[in-house]
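# Reading the structure
Now for the letters of each chain:
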Amino acid sequence: MSEAFPTLPHSDAPLLLFSDYHTHPQGHRVQWYTQRLLQPWADSARRSGLTDIAFTDHDRYHTGIDFDEIDHLRERNPDLRIRAGIELDNDPIHSAAGRNWIEKHWDELDFVLGSVHFLDRADQMFDSVPDGAAQFENQSIDAMYADYFRRVREMAATGLVDCLAHLDLIKIHGHRPSGEIGSLINETLDFIRGRNLAIELSTAGWRKPVNEPYPGDRVVELAIKKGIPFTTASDAHSHAQLGDKFPILAERVASFGIQQVCVFDKHNRSQVPL
C-alpha cells in the first residue's frame, strides 16, 4: 500500500468526487448478483459522474455475491472501474461465517470495509432507526462511546479490512459524549494509522437522525493530522442513492484541504487527485 497522502493547501477550484466505496446492491436481504440487479448501479454511477465504485454488501448476504457477474458487468461498462468488495460487520450471529468467506475469497476481492453495528444486543443493530435508540436509554453515553470504539479497534485488528466505515456511527441517534471527542477516539485513530488503514468520508449521516456526515469535523481534523487516508462513500442501499449528496461532500472535502482520495485494486491502495 502507498503512504498516506499529504494535506494540500485549500483551493477555490471545485472538487469533483469520482468514487463511491460503500454501496449495497442487495439492500438488506440476499439477492443474487445478476446483470438485472447490477446494471442500474453502473447506469446511476455514470449519471452521477462517478467513474469508480465498489460493491460492499453486508457479509451476512455473501451468498448473493457472484464474481463472474461482476466481471460481466465490467465487460459491459468498460468506462467504469467496478470493485468487488464486502462490508465485514461485528454481527455476533453471522459474521464468523462472513470472515471465513472473506478469507476464502480474499484474492477475488478488491476492497473490504470494516464496521461496527452491534453493541451488547446480539439481536439488534444499535444504529437501526428508530428502534436502536432504545439501547441508549439510561446508559452512560461516554461508556457506550468507549465500548463502540473498542469494538472498532477489534475490527481493525482482524487483518481482513482495508477501510473503516462510518467511523463515528455511535452518534447516529444524536447522543454526544460529555467531553471532547478526541479524548475518546485518538487511540482508535492511532490504531488505524498503525494498521495503515483508510477511513471513509460518508454522506449517510445526513440521511439519519443525527443529520451530519460521518465522521464529524473534529475526527476528520485529527485523522488528517495523523496521515490517515480517506475514501468517499454514500452507503447507498439503492442505486438511486449512489453518490448521494456528493456535491455537498465535495465542498466539505475542499474545506479541509483534502485533494486526494484513495482507491483499491485487489487491496492495493493508491491515491488519486481530485
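Structure first, text after, so check above.
Below is a summary of the structure that appears in this document.

So, how was this worked out
- All residue numbers refer to positions counted from 1 along the written sequence of the respective chain.
- The model is predicted, so local features are restricted to residues of pLDDT at least 70 and side-chain atom pairs to those at 80 or more, both for listing and for counting; the totals for chains, interfaces and linings are taken over all residues.
- Side-chain numbers come from the whole structure's heavy atoms, not from hydrogens or water.
- Strands here mean DSSP runs of E at least two residues long; helices mean DSSP runs of H or I at least four residues long; both are numbered from the N terminus.
- Each residue is placed in one exposure class: buried if its accessible area under a 1.4 Å probe, protein chains only, is under 20% of its type's maximum, exposed if it is over 50%, and partly exposed if it falls in between.
- Whether two residues touch is decided by their heavy atoms; if any such pair falls within 4.5 Å, the residues are in contact.
- A helix is expected to span 1.5 Å for every residue after the first.
- Fitting one axis to the seven residues ending at a residue and another to the seven starting there, the bend at that residue is the angle between the two axes.
- Any N or O atom pair separated by 3.5 Å or less is treated as a polar contact, with the protein-specific requirement of one donor-capable and one acceptor-capable atom, and with residues adjacent in sequence counted only for side-chain atom pairs.

What follows is about the side chain of Asp244. Relative to the assigned elements, Asp244 resides in the loop between strand S7 (230–233) and helix H7 (246–255). A relative accessible area of 18% places Asp244 in the buried class. Beyond its immediate sequence surroundings of up to four residues, Asp244 is in contact with Thr203, Arg207 and Ser234.

This part is about unusual backbone geometry. With omega at 5°, the peptide bond leading from Val129 into Pro130 counts as cis. When you line up the elements, Pro130 lands in the loop between strand S4 (111–114) and helix H4 (141–156). Residues Tyr214 and Pro215 are joined by a peptide bond in cis, for which omega reads -15°. Of note in this structure, Asn138 is not a glycine but carries a positive phi near 60°. Tracing the chain through its elements places Asn138 in the loop between S4 and H4. What makes Asn138 exposed here is its relative accessible area of 81%. Positive phi, normally seen in glycine, also occurs at Lys266, with a value near 50°. Position of Lys266 relative to the elements: it lies in the loop between strand S8 (260–265) and strand S9 (268–273).

This brings us to helix H5 (residues 181–194). When the terminal C-alpha atoms of H5 are compared, their 20 Å separation across 14 residues agrees well with the 20 Å that a helix rising 1.5 Å per residue should span. The sharpest bend along H5 reaches about 30° and sits at Glu187. Residues of H5 that are buried: Ile181, Gly182, Ile185, Thr188, Leu189 and Ile192. Its side-chain oxygen at 2.8 Å from the backbone nitrogen of Gly182, Glu180 defines the N-terminal cap of H5. Just downstream of H5 lies Asn196, where phi reads positive at about 60°.

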